[in-house]
Amino acid sequence: MEDLEQLIVCGGCNAKIGPGDLGDLLADLPKVTNDKLLVGFENTDDAAVIKISEDQVIIQTLDFFPTMVSDPYLFGKIAAANALSDVYAMGGTVLSALNIVAFPEEKDFNVLKEILRGGAEKVQEAGGILAGGHSIHDHSVKYGLSVTGVAHPDEVLMNNSGQIGDHLILTKPLGVGIITTGFSVGEISEKAFEEATNYMQMLNKYAMDVMKKYPINSCTDVTGFGLLGHLHEMLHGELSAEIDSQKLPFIEEAYQGAKEFILTAGGQRNRNYLSEFVSFENEDFGIEELLFDPQTSGGLLVSVPENEVSNLLKELREKEIFAEDFGKITTKINDEIIVK
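The rules we used
- The numbers attached to residues start from 1 for each chain and follow its sequence in the written order.
- In view of the model being predicted, local features appear only for residues whose pLDDT reaches at least 70, and side-chain atom pairs are presented and counted only at 80 or more, with totals across whole chains, interfaces and linings using the full set of residues.
- Working from all heavy atoms in the structure, the side-chain values ignore hydrogens and water.
- Here is the rule: rings of Phe, Tyr and Trp (six-membered ring for Trp) pair when centre to centre is within 6.5 Å. Planes less than 30 degrees apart are stacked, more than 60 are edge-to-face, and the remainder are tilted.
- Comment: elements are numbered from the N terminus, with helices defined as DSSP H or I runs of at least four residues and strands as E runs of at least two.
- Only when the NZ of Lys or the CZ of Arg is both within 6 Å of the ring centre and within 35 degrees of the ring normal is a charge said to sit over the ring.
- Comment: axis = line fitted to C-alpha atoms, over the contacting stretch for helices; angle = value between 0 and 180 degrees taken between N-to-C directions.
- Orientation is classified from the angle alone, with under 35 degrees giving roughly parallel, over 145 giving roughly antiparallel, 65 to 115 giving roughly perpendicular, and any other angle giving oblique.
- Handedness of a crossing follows from how the near helix is turned relative to the far one, being left-handed for an anticlockwise turn of less than a right angle and right-handed for a clockwise one.
- By the convention used here, residues are in contact when the closest approach between their heavy atoms is within 4.5 Å.
- When residues are sorted by character, Ala, Val, Leu, Ile, Met, Phe, Trp, Tyr, Cys and Pro go into the nonpolar class, Asp, Glu, Lys and Arg into the charged class, and all the rest, Gly among them, into the polar class.
- Whether a residue is buried, partly exposed or exposed follows from its accessible area with a 1.4 Å probe, protein chains only, as a fraction of its type maximum: under 20%, in between, or over 50%, in that order.
- Pairing between strands is defined by DSSP: at least two bridges between them are needed.
- Throughout this description, the term salt bridge denotes a Lys or Arg side-chain nitrogen within 4 Å of a carboxyl oxygen of Asp or Glu.
- Here, nonpolar core refers to any group of buried Ala, Val, Leu, Ile, Met, Phe, Trp, Tyr and Cys residues whose side-chain atoms link them within 4.5 Å.
- Where each domain starts and ends comes from a domain assignment, either automatic or drawn from a database.

Caption draft 1: Highlighting the packing of aromatic side chains. Counted under the stated rule, the structure contains nine aromatic pairs. With a centroid separation of 5.8 Å and 75 degrees between ring planes, the pair formed by Y199 and F322 is classed as edge-to-face. Here Y199 is found in helix α5 (residues 190-200), whereas its partner F322 is found in the loop between α11 (306-318) and β12 (324-330), with 123 residues between them in sequence. Among the aromatic residues, those joined into a ring-pair cluster are F65, F75 and Y143. Between the NZ or CZ atom of R117 and the centre of the ring of Y73, over which it lies, the distance is 4.0 Å.

This is the structure in structure tokens:
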């Protein structure tokens, strides 16, 4: 592995089209009306949900992006974990996956072999069947998965069904976009980079296995739109939220990096779109950037009734799963999201 060609760092969820542009693109597409389609793209949810019987739905999703780390095997694991996450965010179980590959014709195919090895290991860890895929030549490396999951119709979780009084829980710390960007230019330590990549390759399966025991009202995973972007979708124009910046979970070196203006293009796209929806009560540029930072294979953002929070956090932490309660949903006010 020491002699293996390294990947160019350029992507992850930081490469995704911003929420404003994406919303404009989807707005004019024809809406699909079908009794079997329970969740489609007009819901801005994590995956499509299709009813196939009275006691089963299919959860269908895909995700792929350019490289955000130089190690091919690590990239494969992170990209696969990120794609599989959408099934967990909908409350489902992974059934199968297909590889999506773009790879330069002139590049060493041993690099691709390592990417696919990393991805295959994560699908296997998820309990899914890797059943093939599709590949094309392209000028830059891209990888991901098309994933099919299953669930009972009553167990499907939506990203826009939070309730007033719910607490907001996040199952991975913020800052991986800033960390990977800063590390690629020598401004972030290897220790912080390893911490970030350990979280990015971690399946959200383990957190959801615990959460399914509790009456969760709403769930999504935090990826390219950053925490604020995905929280904005959860509030769906009808609710507001308060974030306690003192309880916000983040990788410490990401906060320091943000204060030193290690920024991401995706973070600035998120800031431009979301600024009108958020009010910062304290001036802390580092916290702001962490909230806008695009997360690659980020944690689950979950809204839970207040009386369930203590037991849920206790069980997650007993299983050594990261989780922090950092805010709550409130009635609708002028400022949709307030960061205290």
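Caption draft 2: Expanded view of the packing of helix α4 (residues 176-184) against α5. The N-to-C vectors of α4 and α5 enclose an angle of 135 degrees; their axes lie 9 Å apart at closest approach. Looking at the two axes, α4 sits oblique to α5. Like other packed secondary-structure pairs, α4 and α5 cross with a definite hand, here left-handed. Between α4, through V176, I179, T180 and F183, and α5, the contact on the second element is made entirely by E190, A192, F193, A196 and M200. Looking at the contact of α4 with α5 residue by residue, the class counts come to seven nonpolar, one polar and one charged.

Caption draft 3: Expanded view of the environment of Y273. The residue Y273 is located in helix α9 (residues 265-274) in this model. The class of Y273 is partly exposed, set by a relative accessible area of 29%. Here the alpha-carbon distance between Y273 and G229, two residues 44 residues apart in the chain, equals 8.7 Å.

Caption draft 4: Representation of the pairing of strand β6 (residues 142-151) within the structure. For β6, the tally of buried residues reaches nine of ten residues, placing the bulk of the element in the interior. In terms of strand pairing, strand β3 (residues 56-66) meets β6 through ten bridges, oriented antiparallel. Across the sheet, I59 pairs through a bridge with G149, a residue of β6. Across nine bridges, the pairing between strand β4 (residues 93-103) and β6 is antiparallel. When the bridges of β6 are listed, L98 appears paired with S146.

Caption draft 5: Broad picture of unusual backbone geometry. A positive phi angle is found at F261, which is not glycine, with a value near 65 degrees. Judged by relative accessible area, F261 falls into the exposed class, the value being 58%. The backbone phi angle of E320 is positive, close to 60 degrees, even though this residue is not glycine. When its relative accessible area of 76% is taken as the criterion, E320 is described as exposed.

Caption draft 6: Just the pattern of salt bridges, in detail. This structure, assessed with the given rule, holds 13 salt bridges. With its nearest N and O atoms 3.0 Å apart, the salt bridge here joins R271 to E288. Taken together, the residues span a long stretch of sequence, with R271 in helix α9 and E288 in helix α10 (residues 285-292) at a distance of 17 residues. Here R271 matches E288 in class, with each residue buried. Where salt bridges share partners, they join E114, R117 and E121 into one cluster.

Caption draft 7: Molecular detail of the nonpolar core. F75, L145, L231, I243, L291 and L301 are the most contacted members of the largest nonpolar core, which totals 90 residues. No other element matches helix α2 (residues 72-89), which puts eleven residues into this core. No fewer than three residues from each of domain 1 (12-155) and domain 2 (166-339) sit in this core. The contact partners of L145, leaving out residues within four places of it in the chain, are T61, L62, D63, A80, A83, L84, A97, L98, N99, I100, V123 and L130.

Function cannot be inferred from these measures alone, as they are strictly geometric.
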